Amino acid sequence: MQYRCHHTTLTRRSLLGGGTALACGCVMLSGCAANPATGKQSLLGLSSINDDIRTGTKAYPEVIAAFGGAYNQDRLQSYVTSIGRKIVVNTELPDLPYEFTVLNSPIINAFALPGGKIALTRGLMALASSEAEIAGVLAHEAGHVNARHAAQGQTRSTITNIGLAVLGIATGSRELVNLGQSVAGTLLQKYSRNQELEADSLGVRYLTRTGYDPAAMASMLGSMREQSQVEAEMQGLPPGAVDEFNIMASHPRTIERVRDATAEAAGVTVANPLVGRAEYLDAINGLMFADDPDQGLVRGQRFLHRSLGFSFEVPAGFQLRNSPENVIAQARGGGTIVFDMAPVQRARNLIEYLQYEWAADVPLDNLENIRVNGFAAATGAARLQSQQSVSDVRLVAYDAGRGQVYRFLFLTPPQSTRSLAPGLRDTTYSFRRLTEADTANLRPLRVIVAPVRAGDTVDSLAASLPFDRFNAAWFRVLNDLQPGQELTVGDTVKIVTS
Ligand SMILES: [Zn+2]
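Residues numbered from 1 in each chain as written. Predicted model: local features only at pLDDT ≥ 70, side-chain atom pairs only at ≥ 80, totals over all residues. Heavy atoms only, no water.

Enquirer: What am I meant to see in the coordination of the zinc ion here?
Expert: For a metal bound by four donors in a tetrahedral arrangement, the ideal donor-metal-donor angle is 109.5 degrees, while six donors in an octahedral arrangement ideally sit at 90 or 180 degrees. Donor atoms from the polypeptide that coordinate the zinc ion comprise His-140 (NE2), His-144 (NE2), Glu-196 (OE) and Glu-196 (OE), at 2.1 to 2.7 Å from the metal. Relative to the metal, the four donor atoms surrounding the zinc ion lie at angles of 51 to 140°, and the coordination shape comes out irregular. In the primary sequence, the donor residues of the zinc ion line up as H-x3-H-x51-E. Of this pair, His-140 sits in helix 6 (residues 131-147) while Glu-196 sits in helix 10 (residues 193-210), placing them 56 residues apart in sequence. (Donors = N, O, S within 2.8 Å, 3.2 Å for Na, K, Ca; no water. Tetrahedral: all angles 85-135°; square planar, octahedral: opposite > 155°, others 65-115°. Helix = DSSP H or I, 4+ residues; strand = E, 2+ residues; numbered from the N terminus.)

Enquirer: Before we go on, may I ask you to explain the side chain of Thr-428 in this structure?
Expert: Within the secondary structure, Thr-428 sits in helix 16 (residues 414-430). Taking the relative accessible area as the measure of exposure, Thr-428 reaches 6% and is therefore buried. (Buried < 20%, exposed > 50% of the residue type's maximum accessible area, 1.4 Å probe, protein only.)

Enquirer: Can you walk me through the sheet that holds strand 16 (residues 445-451) in this structure?
Expert: In any sheet, the strands associate via hydrogen bonds between backbone groups, in a parallel or an antiparallel arrangement. Ordered by their spatial adjacency, three strands build an open sheet running 4-16-17, and the pairing between neighbours is antiparallel. Edge strands, defined here as strands with exactly one partner in the open sheet, are strand 4 (288-289) and strand 17 (492-497). Here two bridges tie strand 4 to strand 16, and the two strands are oriented antiparallel to one another. Directly across from Met-288, in strand 16, lies its bridge partner Arg-446. Most of the contacts of helix 14 (residues 277-284) go to strand 17, to which it runs at about 15°, and overall it touches strand 16 and strand 17. Strands in contact with helix 19 (residues 471-478) are strand 4 and strand 17; relative to strand 17, the strand with the most contacts, it is inclined by about 135°. (Pairing = 2+ DSSP bridges. Contact = heavy atoms within 4.5 Å. Axes fitted to C-alpha atoms, helices over the stretch in contact; angles between N-to-C directions.)

Enquirer: Honestly, the pairing of strand 3 (residues 117-121) in this entry has me stumped. Any pointers?
Expert: Consecutive residues of a regular strand have side chains that alternate between opposite faces of the sheet. In terms of burial, strand 3 is a largely internal element, five of the five residues being buried. Of the two faces of strand 3, both are covered, the one formed by Lys-117, Ala-119 and Thr-121 as well as the one formed by Ile-118 and Leu-120. The pairing of strand 1 (residues 99-103) with strand 3 spans five bridges and is parallel. Bridging from a neighbouring strand, Leu-103 pairs with Thr-121 of strand 3. In this sheet, strand 3 lies alongside strand 2 (residues 110-113) in antiparallel orientation, the contact comprising four bridges. Residue Ala-112 lies in a different strand from strand 3, and its bridge partner there is Ile-118. What sits between the antiparallel neighbours strand 2 and strand 3 is a turn of three residues, in which Gly-115 has the positive phi angle 90°.

Enquirer: What is the right way to look at the pairing of strand 8 (residues 318-322) in this model?
Expert: Where strand 8 and strand 9 (residues 327-331) come together, five bridges link them in antiparallel fashion. In the sheet register, Phe-318 faces strand 9, and the bridge partner there is Ala-331. The turn linking strand 8 back onto strand 9 is made up of four residues.

Enquirer: Is there a simple way to think about the pattern of salt bridges in this case?
Expert: Pairing between side chains becomes possible if they bear opposite charge and their charged atoms approach one another. Tallied over the entire structure, the rule returns twelve salt bridges. The partner of Arg-75 in a salt bridge is Asp-282, and the shortest N-O contact between them spans 3.9 Å. Taken together, the residues Arg-75 in helix 4 (residues 74-88) and Asp-282 in helix 14 connect sequence positions 207 residues apart. Look at Arg-75 and you get exposed, because its relative accessible area is 51%. Residues Arg-205 and Glu-92 are paired through a salt bridge, measuring 2.6 Å at the closest nitrogen-oxygen approach. In this pair, Arg-205 is assigned in helix 10 and Glu-92 in the loop between helix 4 and strand 1, connecting sequence segments 113 residues apart. (Salt bridge = Lys/Arg side-chain N within 4 Å of Asp/Glu carboxyl O.)

Enquirer: When you look at the packing of aromatic side chains in this model, what are you seeing that I'm missing?
Expert: Pairs of aromatic rings are described using the distance from one ring centre to the other and the angle between the two planes. Evaluated as defined, the whole model comprises 24 aromatic pairs. Aromatic side chains Phe-67 and Phe-111 sit 5.2 Å apart centroid to centroid with 40° between the ring planes, which places their arrangement in the tilted category. Of this pair, Phe-67 sits in the loop between helix 3 (48-66) and helix 4 while Phe-111 sits in strand 2; the two residues are 44 residues apart in sequence, bridging distant segments of the chain. One exposure class covers both Phe-67 and Phe-111, and it is buried. Seen in terms of ring centroids, Tyr-79 and Tyr-280 are 6.3 Å apart; in terms of plane orientation they differ by 40°. Their pairing is tilted. Linking Tyr-79 in helix 4 with Tyr-280 in helix 14, this pair joins segments that are 201 residues apart in sequence. A network of ring pairs unites the aromatic residues Phe-303, Phe-310, Phe-312, Phe-339, Phe-375, Tyr-398, Tyr-406, Phe-408, Phe-410 and Phe-431 as a single cluster. Taking the ring centre of Trp-358 as reference, the NZ or CZ of Arg-407 above it sits at 4.3 Å. A cation over a ring is seen here: Arg-433 above Phe-375, with NZ or CZ 4.1 Å from the ring centre. (Phe/Tyr/Trp six-rings, centres within 6.5 Å; stacked < 30°, edge-to-face > 60°. Lys NZ or Arg CZ within 6 Å of the ring centre and 35° of its normal.)

Enquirer: Would you mind going over the nonpolar core with me for this structure?
Expert: Most often, soluble globular proteins have nonpolar side chains that are buried together. Residues Leu-120, Met-125, Ile-134, Phe-289, Leu-465, Trp-474 and Phe-475 are the most contacted members of the largest nonpolar core, which totals 75 residues. Counting residues per element, this core draws most heavily on helix 6, at nine residues. Both domains that meet at this core, namely domain 1 (12-155 + 190-289) and domain 3 (444-497), each give it at least three residues. Ignoring sequence-local partners within four residues, the contact set of Phe-475 consists of Val-458, Leu-461, Ala-462, Leu-465, Leu-481, Leu-487, Val-493, Lys-494 and Ile-495. Formed by 25 residues, the second largest nonpolar core is a distinct cluster that contains Phe-303, Ile-337, Ile-370 and Val-396. (Core = buried A, V, L, I, M, F, W, Y, C linked by side-chain atoms within 4.5 Å. Domains from an automatic or database assignment.)

Enquirer: Explain the sheet that holds strand 3 to me, please; I cannot follow it from the model alone.
Expert: Spatial ordering of the open sheet is given by 1-3-2, a layout of three strands whose pairing is mixed. Strands with a single pairing partner mark the edges of an open sheet, and in this sheet they are strand 1 and strand 2. On average, adjacent strands in this sheet sit at an angle of 15° to one another, irrespective of strand direction. In this fold helix 4 packs onto strand 1 and strand 3, with an angle of close to 140° to the strand it touches most, strand 1.

Here you go:
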């Protein structure tokens, strides 16, 4: 969770920037230009490239903020920019105002805005093992830019997170609906399956022209697939689920992309292809891994936020997830906890805040003031009914000072409300300020590049990862080790430690 004074919500419209107008403009031209990257007749006039640039440039800072902000390390930022520059001079639109940003986010993702603004997460950088792999990611994103996919109007704003959709519908709160339709939601859903395949194939083209090993595209996709597999296991999904049901629903199945990219790479030969493993590992040595303590850390059932200085604990069985907007914990058998921070507009006290601001459209019962570890707080509950479902909601707001509140929203299916209530009550009362000792212990994890020494094993080197019984699987993914593959003394590996 990030501290922000006001919500920056970006609408889908501002991202796409008047797609309909562009199509009309095209009809008025005497003919439609062929897209230089794809060779396809485009419905978009050439003048609209300026619209792409305007749209992308305007949205870039907001999107960067929505993904945790830029990662504050100049050497890494300029390294990535230098790789990106080498790639884009070999694209069909080399003169766009390209920009490259490493985001301070542990999730594994990359995206491109129309007009050449490209970003990738530090989570993705930790996963990659060579300069060619990162070049592959940037080349893929440059493919979306050059093929002008975002301007084709196929963008969908499907709400991926079912939990959030349910919340929004249930409470009728605009704020919660916005959350599901936030930048993150729309961007990750942005491209169709064919657009993804096209970007992969353009990516292989640009990698080849730049002199990078084109096989890096497939190896990067392979690492991403293996990581999703571990992630799926951690979420309790059956093995192989990633191939059947992709987390990013509109993306083509990763396994298919790996196959296509490999086939494409096999057909091209690059003399002395550049891989750049040593250079890359040197550049990411010390890279922050997993959550940034200043954006909040998940430690088992606890959530701790270093810069805001608080912590709370969720009941056993709830899985915590942190994002720039909020912290969500879900229990498999039903039950959702959403924690966030919000400004108070006009309310003169917390009861008024609950009644007239947060739950303005929902009549609340059992409103009461409470005190929690020195914090003034208030709570209220309601039964919510929509056409599809009935759920119970309990709201808690704590006075955070400076016109802000910390908030819990507990959502339970009516048949489980009674059994979940004691645990959720404990969560309410677990909210407290961090002590100095707590704060001193909250150091971020970092990727350290080191040679394997005699006696090291996968298990011993994986022990400092934060994923408990999935540590060894994560270590293998980070280091491209097959199941059962042993370490070789002297080889360089990525170790995660605090
Ligand atoms: Zn893509």
